[in-house]
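Analysis of the macromolecular model
Residues per chain, in single letters:
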Amino acid sequence: IAMSHAARSVTPTFVIHEASMNDRRALDAALAEALEGALQRDEFTVLYQPIVDLASGRVVAAEALLRWQNRLHGSVSPATFIPVAERSGEIVGIGRWVLEQAVRQLAAWRAAGADLSVTVNVSPRQLQEPHLARDVLTLLAKAGVPASSLVVEVTESAMVEDAVEVAVLRRLRSAGVKIAIDDFGTGYSSLQYLTRLPVDVLKIDRSFVARLDGTAEGAAIAEAVIRLAQILRLTTVAEGVENQGQAAELLALGSERGQGFLFSRPVAPESVSALVARRADLAA
Ligand code: C2E
Ligand code: MG
Ligand code: MG
Ligand code: MG
């Protein structure tokens, strides 16, 4: 009796699951095809989201965030197309292009007098290219910007554990490039990561920022990450700061930096310059 009951309750969900899996595969295949040649067709743009010093409100950095506009699929979210590009390998060329754009933009901001850093998401697939470190350092040297003004973000959920990947990060870091762990606290091995990887920055995942509500329970994870970062002498950036209450609480907990819609959405590079200039005005 128990078995037939189990079979009856399991079968329908299995069928639904299988159907949605097939839809998913078909969409992924279509997206993978559309991604081929997307660079050549000039379908990508990079937006930049300001990262602010919470105490002063000054813009200190900007995260490069990729946008894709395709003729067939319209505007596709990176959360959808990045995993597809990782599986197909297209991420290697696309990621290299993002790095080129971001370093070029960094040089332009700095030439205009803005003391900014730029932070770029790099997927593990890119770190598997042994020459990535050399390529990035060449880009920085050609642009004439210090390596320390580039931050490479790797997500924890991506499980960087391969020896080649870690070696690439170490090589970048010994040349001065900063390494950030993105979405910290959401992966399987947060704490182990810190012992294995060369790290400078922890980005507190926005799910923990969303829980800040003025209570000790709400603040528990954010507070623990901030304390950990302080002990290890790492910088913290709180992601997904959407309101003033969260910003104030993060500052009180000791987080140095914040990023989120409260300060700015991801915007075109000119708008970042305007935000930097407006702050300079206010400070003067
Ligand atoms: P991420 O690196 O954690 O980037 C932060 C994401 O949170 C961005 O989504 C940003 O628009 C969003 N966000 C920022 N502030 C807020 C806020 O206050 N509230 C809410 N609800 N969301 C906020 P986006 O641009 O859609 O990117 C999604 C993810 O796609 C990124 O997460 C990153 O993992 C990946 N990604 C984006 N660009 C690239 C890229 O050039 N290369 C790689 N490998 N991954 C990328
Ligand atoms: Mg990121
Ligand atoms: Mg993140
Ligand atoms: Mg994320």
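One numbering rule holds for all chains: residues counted from 1, following each sequence as written. Just so you know, chain letters begin at A and ligand numbers begin at 1, following the order they were written in. Confidence filtering applies because this is a predicted model: local features only for residues at pLDDT of at least 70, side-chain atom pairs given and counted only at 80 or more, and all residues used for totals across whole chains, interfaces and linings. Only hydrogens and water are removed before side-chain values are computed, so all heavy atoms of the structure are retained for them.

As annotated in an unreviewed UniProt entry, the protein chain is Bifunctional diguanylate cyclase/phosphodiesterase from Actinoplanes sichuanensis.

**Thoughts on the overall build of the protein chain**
Strands are runs of DSSP state E lasting at least two residues, helices are runs of H or I lasting at least four, and both sets are numbered from the N terminus onward. Scanning the protein chain from terminus to terminus reveals 11 helices and 9 strands. Residues counted as buried form 44% of the 284 residues belonging to the protein chain. Contact definition: two residues touch when any of their heavy atoms are within 4.5 Å. A separation of at least 24 residues holds for 66% of the contacts in the protein chain among residues at least 6 apart in sequence. Using a 1.4 Å probe, the Shrake-Rupley method yields the accessible areas, and only the shown protein chains count as cover for residues. Working note: accessible area of the protein chain is about 14,500 Å², and carbon and sulfur atoms make up 55% of it. Relative accessibility thresholds used throughout: buried, under 20% of the residue-type maximum; exposed, over 50%; partly exposed, between the two (1.4 Å probe, protein chains only).

**Focus on the site of ligand 1**
Here, proximity means that at least one heavy atom of the residue falls within 4 Å of the molecule or strand. The environment of ligand 1 is formed by 21 residues, the closest being Arg67, Asn121, Asp182, Glu242 and Phe261. Under the rule applied, a polar contact is a pair of N or O atoms within 3.5 Å (in protein, one hydrogen donor and one hydrogen acceptor; residues adjacent in sequence only if both atoms are side-chain atoms). A distance of 3.0 Å separates an oxygen atom of ligand 1 from a polar atom in the side chain of Glu63. Side-chain polar atom of Arg206 to an oxygen atom of ligand 1: 3.2 Å apart, as the coordinates give it. When ligand 1 sits alone it has 800 Å² of accessible area, and the protein chains cover 84% of it. Those elements giving two or more residues to the shell around ligand 1 turn out to be strand E2 (59-70), helix H2 (78-88) and strand E6 (178-184).

**Regarding the environment of Leu251**
In this fold, Leu251 is placed in helix H10 (residues 244-253). Considering only alpha carbons, one finds Leu251 and Thr80, 171 residues apart in sequence, at a separation of 33 Å. Contacts of Leu251, omitting those with residues within four sequence positions, involve Leu54 and Ala55.

**As for the confidence of the model for the protein chain**
Confidence of the prediction at every residue is given by pLDDT, a number between 0 and 100. Across the protein chain, the average pLDDT comes to 90, with 88% of residues at or above 70. In the model, residues 1-12 has pLDDT below 50 throughout and makes 0 contacts with residues more than four positions away in sequence or in other chains. This complex was scored by the predictor with a pTM of 0.92 and an ipTM of 0.98.

**Some points on the nonpolar core**
In terms of nonpolar packing, the biggest core is built from 77 residues, with Phe44, Tyr48, Trp68, Val152 and Leu202 touching the most fellow members. In terms of residue count, the dominant contributor to this core is helix H3 (residues 91-111) (10 residues). In contact with Leu202, not counting residues within four places along its chain, are Ile181, Phe184, Leu194, Val225, Ala229, Leu234, Thr235, Thr236 and Val237. By nonpolar core is meant a set of buried Ala, Val, Leu, Ile, Met, Phe, Trp, Tyr and Cys residues that side-chain atoms within 4.5 Å join together. Core analysis: the next-biggest nonpolar cluster, separate from the first, contains 7 residues, Ala61, Val151, Ala180 and Val201 among them.

**Observations regarding the pattern of salt bridges**
The salt bridge criterion pairs a side-chain nitrogen of Lys or Arg with a carboxyl oxygen of Asp or Glu, the two atoms within 4 Å. With the rule as written, the count across this model stands at 12 salt bridges. Asp28 is the partner of Arg24 in a salt bridge, and the nearest nitrogen-oxygen pair spans 3.1 Å. In this pair, Arg24 and Asp28 are both assigned in helix H1 (residues 2-35), 4 residues apart and thus about one turn of the helix distant. Taking the relative accessible area as the measure of exposure, Asp28 reaches 14% and is therefore buried. We note a salt bridge from Glu100 to Arg96, for which the minimum N-O separation is 2.9 Å. Of this pair, Glu100 and Arg96 are both found in helix H3, 4 residues apart, which corresponds to roughly one turn of the helix.

**Re unusual backbone geometry**
The backbone of Asp183 sits at a positive phi, close to 55°, despite the residue not being glycine. By the secondary structure assignment, Asp183 is in strand E6.

**Considerations on the coordination of the magnesium ion (ligand 2)**
A donor here means an N, O or S atom no more than 2.8 Å from the metal, or no more than 3.2 Å when the metal is Na, K or Ca. Since water is not included, a site may seem to lack partners. Around the magnesium ion (ligand 2), the donor atoms from the protein are Glu63 (OE), Asn121 (OD1), Glu153 (OE) and Asp182 (OD), and they sit 2.0 to 2.2 Å away. Within one chain, the residues serving as donors to the magnesium ion (ligand 2) are arranged as E-x57-N-x31-E-x28-D.

**Some points on helix H6 (residues 163-174)**
One less than the number of residues in a helix, times 1.5 Å, gives the span that helix is expected to have. Taking 1.5 Å per residue, 12 residues should reach 16 Å; H6 reaches 16 Å between its end C-alpha atoms and fits that length. Buried within H6 we find Glu165, Val166, Val168, Leu169 and Leu172. Considered in projection along H6, the buried side chains sweep an arc of 155° and stay on one side of the axis. Pointing more than 90 degrees away from the buried face of H6 are the exposed residues Ala163 and Ser174. In this structure, the buried residues of H6 make contact with helix H4 (124-127), helix H5 (132-143), strand E5 (150-155), E6 and helix H7 (190-196). Two residues or fewer past H6, Gly176 is found with a positive phi of approximately 110°. An arc is given here, and it is the one of the directions from the helix axis to the C-beta atoms.

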